[in-house]
Amino acid sequence: MTESMLTVAGLAKSYGAVPALAGVDLDVRRGMLLAVLGPSGCGKTTLLRCVAGFERADRGTVSVAGRTVVGNGVHVPPHRRRVAVVPQEGALFPHLSVADNVGYGLDRAARRSGRVEEVLDLVGLAGYGARMPHQLSGGQQQRVAVARALAPRPPLVLLDEPFSALDAKLRTELRADVRQALRADGATGVLVTHDQGEALSMADAVAVMDAGVIVQCGTPAEVYRDPADPWVARFVGDAVLLPGTVDDDVAVTPLGRLPLRGPSTGGAATVLVRPEQIRLATVGGAPATVVRQDFHGHDALTTLRLDDGTVLAARTLDEGTGLTAGAQVGVTVWGQVRAYAG
Amino acid sequence: MRARRSPRRVLPRPGLTVASAAAVAVALLPLVYLAVRAGEAGWDRLTTELLTERLAVLAGRSLALAAVVTAACTVLGVGAALLVARTDLPGRRAFGVVAALPLAVPTYVAGFAWIATVDGFAGFWAAALLLTVCSYPYVFLPAVAALTRADPGQEEVSRSLGRGPWATLLGVTLRQIRPAVAAGALLVALYVLSDFGAVSLVQVDTFTRAIFTAFNLGFDRTGALVLSTVLVVLTVLLIGAELTTRTRDARYASTAVRPPVRLGLGRWRWPAVTALLAVLALALGVPAVGLARWLAAGVSRPGSLAEIAAAAGGSLSVSLAGAAFTMLLALPLGLLAARAPGPVTTLLERLTYVAHALPGVVIGLSLVFFAVNVAYPLYQSRWLLALAYATLFLPLAVGAVASAAAQSPPAVEEAARSLGRGPFAVFRTVTLPLTLPGIGAGAALTFLTCMKELPATLLLRPTGMDTLATELWTHTSTAAYAAAAPYAAILVVLAAVPTWLLAARTGLTDPGGTR
């Protein structure tokens, strides 16, 4: 097991009577990228600012690379934590060239060692050193901000929704490049985001946060396939939640008897099915009526109503497109499903 | 995001807040002292002085002048702004820059030019004309800025809902710019109430002239005091009225990136051009002609150059002292405004504007009394004048410091801290380089504004010291127009610089600003 680069335990912080963090625990191992995913106002930015040292936590501890920076009366100031930040809008120093921005956290010897060029190359901006920030596009500015954070080889890099100001296509491209740059440099990172696509595609682990606590932490696949509760299921991806009862290792639902993944107690339950598990057929399966179809190009999301009134959504590729409202189809479920008691 | 929404503590930065409160206290010294003196004079004395026919006439004349000039400036300013920013007026970019220039002519300089050019230029309507052509840019500039930055989306929605271009202009556009126009009109009204040079030169007895005469000729302290108090009350009432309208007006987002829709003037193109040219002829043409006519004679007078050099030296020394002192007071306030916004900060900022709105005559008078009775060593020193300048121009400097501090946002400084640099290193390598140009520009602006100040300088300058403004005033009062002309020319050039800065800030001089 690799060493822990960030350990957060019982971290709490309130603004007046409003709790922003209500006891957060996290563990990030060397070389890992952890995404803290949550809706706006869940406390994820406060968490990041407490780790960076810009805010004082009320309770709890934070250790960076084995050194306690918060806790037991200790509050190490931000510049002594060796935690580099990539802020939302980049926040480049407007009066410094790209090279001087990237070299800001380096001492003189390190600046001459070629480290600046090395990290600029990592983020795909080799040869841009002499430019000024205002001569760069938004995406390029963000790349410089990442390079600037990586340059001093900090034990931990914090990324605060770094792609949210960019347009969709650029965002996808930048995510892949930044992930690649962090990995190539062996950096450990925490990415704060409200975008589940970003968290699932970039991170090695995802911590889902709500109302100041971590609700679930796991690999992207675990969080998507085995959400801890129906709220997480709905927040991380589209979810069809059906009423049902658990009978041994099978859930009895309006879509029939579905095989269960994971343990579950018997009795009444809410059953999670992902829309891509739902298949449409002209014969067989539970009879349903098409309510509408939203075409997305790469797939289509079809809203259906079962004869008992239950509404559900199915994600279908080519073969399932072109259905009009009112069409009669049969519904089957592929794979295992998850059930939550109650 | 919650961090930014956090409920603020009452005193976010104790050190900065205390320093700011001290700065505001110093700036409000003249006002406080005025209140103390008025209190000492006693209620009976005040009421006997107040309830006189002369005071009623003075008040009526001052208010009538303020009303006429404000109305005229609003019409002229909004009209010119609409033509420049929202129509296909020929040469509108040039008009946009030139129409702002009258602000560069101090009213007493314009007054000199008019009475040196037009025989018998005196009286109420002369004062109204003079003040209107000098101060309409106070409405024009914010109106152009608001029109350029207003969200075109609202107008497009109005058009798409079936309103025509003119109905949209009246129903949507003019409402969007109403807060800006109201603020500009308030500046005009305050300016008219506080103006001393122009009304004195055209011999209209308003409050400011009466205060100066009462003090200067008869040393009638109580009379001057009572008049000053009434003028302060009028000023505060005006500010209060504007504040109540402002709270009802929504702030409009200035996120527009698209150029606004322009109206075709059609056959009104050339009449509109002619009307604008006529205004500019009155505002700039007459002063230019008057100056040109007398300048050659003034410069060739024997001994004039030495006299001008002495006055320039005097202006330089008092204005440098004034700018330095003003910036000293403005630094904590500007930083507080930029970094710790909140109710306490807002209150302190508003208080600086109270003093700023007061007439220079009142500030000067109050400081004379203050020095004579309380701080005699200050009397006749340039530091007393510097204090007057600081009281009058503090908001200018605070605004400059605050916008300079905004050039170095907290996120940038936090990023610097996270890269391992301590607070002092971050201040030296990030905060200072980013804010210094703005603070320097603010200091220069304050310096130039001090150079132009007339009434407080007249009252407070050390005996025997002349400045450019006082020399111009003295010579014009004695109808020595040739001797006055060189001072007028220098003052116009000095005043043009801050006007240019102001125009640049409102986007008038941007290539895309009024295209």
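Residues numbered from 1 in each chain as written. Chains lettered and ligands numbered in written order. Predicted model: local features only at pLDDT ≥ 70, side-chain atom pairs only at ≥ 80, totals over all residues. Heavy atoms only, no water.

Draft legend 1. Region of the structure containing the domain arrangement of chain B. All names here are of chain B. Splitting chain B by domain gives domain 1 (31–294 + 494–515) and domain 2 (301–477). Each of domain 1 and domain 2 has a C-alpha centre, and these two points are 23 Å apart. Across the boundary between the two partners, domain 1 contributes 36 residues, which contact 29 residues of domain 2. Summed over both partners, the interface of domain 1 with domain 2 comes to about 3,000 Å²; 83% of that surface belongs to carbon and sulfur atoms. The largest contributions to the domain 1 side of the interface with domain 2 come from Tyr33, Tyr108 and Leu494, which together make up 22% of the buried area. Between the two partners, domain 1 and domain 2, sit zero salt bridges. The set of elements that each furnish at least two residues to the side of domain 1 that touches domain 2 consists of α3 (29–41), α7 (107–117), α12 (178–194), α13 (197–201), α14 (207–216), α15 (221–248) and α25 (481–505). Ranked by residue count, the leading element in the side of domain 1 that touches domain 2 is α15, at nine residues. Its residues assigned to classes, the side of domain 1 that touches domain 2 comprises 27 nonpolar, six polar and three charged. (Domains from an automatic or database assignment. Contact = heavy atoms within 4.5 Å. Buried area = accessible area lost by both parts, 1.4 Å probe. Salt bridge = Lys/Arg side-chain N within 4 Å of Asp/Glu carboxyl O. Helix = DSSP H or I, 4+ residues; strand = E, 2+ residues; numbered from the N terminus. Nonpolar A, V, L, I, M, F, W, Y, C, P; charged D, E, K, R; others polar.)

Draft legend 2. Up close: the domain arrangement of chain A. All names here are of chain A. Domain boundaries assigned for chain A yield domain 1 (4–82 + 154–232) and domain 2 (238–341). The centre of domain 1, based on its C-alpha atoms, is set 34 Å off from the matching centre of domain 2. Taken together, the contacts link eight residues of domain 1 with seven residues of domain 2. Overall, the association of domain 1 and domain 2 removes approximately 710 Å² of surface from exposure, summing both partners, and the carbon and sulfur fraction of that is 44%. In this structure, the salt-bridge partner of Arg261 is Asp226, at a minimum N-O distance of 3.1 Å. Taken together, domain 1 and domain 2 are joined by six residue pairs in polar contact (both at pLDDT 80 or more). (Polar contact = N/O pair within 3.5 Å; in protein donor to acceptor, adjacent residues only side chain to side chain.)

Draft legend 3. Region of interest: the interface of chain A and chain B. In this complex, chain A contributes 31 residues to the contact, which on the side of chain B involves 25 residues. Here chain A packs against chain B, burying approximately 2,400 Å² in sum over the two surfaces, 61% of which is carbon and sulfur. Where chain A meets chain B, there are one salt bridge. With a closest N to O distance of 2.8 Å, Arg49 of chain A and Glu414 of chain B form a salt bridge. Counting every contact that joins chain A to chain B gives six residue pairs in polar contact (both at pLDDT 80 or more). Going through the elements one at a time, β2 (18–29), α1 (44–52), β7 (83–86) and α5 (138–150) of chain A are the ones with two or more residues in the side of chain A that touches chain B. Split by residue class, the side of chain A that touches chain B holds 19 nonpolar, seven polar and five charged.

Draft legend 4. Layout of the packing of aromatic side chains. Inspection of the entire model under this criterion finds 14 aromatic pairs over all chains. Residues Tyr376 of chain B and Tyr379 of chain B carry aromatic rings whose centres are separated by 5.7 Å and whose planes lie at 35° to one another, so their mutual orientation is tilted. Judged by its relative accessible area of 52%, Tyr376 of chain B is exposed. For Tyr379 of chain B, a relative accessible area of 25% puts it in the partly exposed group. Put simply, the rings of Phe112, Trp294 and Tyr481 of chain B pair up and form one aromatic cluster. Just above the ring of Tyr224 of chain A sits the side chain of Arg274 of chain A; from NZ or CZ to the centre is 4.0 Å. Positioned above the aromatic ring of Phe369 of chain B, the side-chain terminus of Arg37 of chain B is 5.4 Å from the ring centre. (Phe/Tyr/Trp six-rings, centres within 6.5 Å; stacked < 30°, edge-to-face > 60°. Buried < 20%, exposed > 50% of the residue type's maximum accessible area, 1.4 Å probe, protein only. Lys NZ or Arg CZ within 6 Å of the ring centre and 35° of its normal.)

Draft legend 5. Just the nonpolar core, in detail. In this structure, Phe112, Phe140 and Leu472 of chain B are the most contacted members of the largest nonpolar core, which totals 126 residues. Looking at this core element by element, the count peaks at 14 residues for helix α5 (residues 53–86) of chain B. Both domain 1 (31–294 + 494–515) and domain 2 (301–477) of chain B contribute no fewer than three residues apiece to this core. Non-local contacts of Leu472 of chain B, meaning those with residues more than four positions away in its chain, are made with Tyr108, Val109, Phe112, Ala484, Tyr487, Ala488 and Leu491 of chain B. Phe163, Leu191 and Ala199 of chain A together with Ala416 of chain B belong to the second-largest nonpolar core, a separate cluster that totals 51 residues. (Core = buried A, V, L, I, M, F, W, Y, C linked by side-chain atoms within 4.5 Å.)

Draft legend 6. Spatial organisation of the sheet that holds strand β20 (residues 328–333) of chain A. Residues and elements named next belong to chain A. Read from one edge of the open sheet, five strands run β16-β20-β17-β18-β19, paired in antiparallel fashion. At either margin of the open sheet sits one strand with a lone partner, and together these are β16 (278–281) and β19 (311–316). With strand direction ignored, the average angle separating the axes of adjacent strands in the sheet is 45°. Alignment of strand β17 (residues 286–295) against strand β18 (residues 300–306), held across seven bridges, turns out to be antiparallel. In the strand pairing of β18, Asp294 is matched with Leu301. (Pairing = 2+ DSSP bridges. Axes fitted to C-alpha atoms, helices over the stretch in contact; angles between N-to-C directions.)

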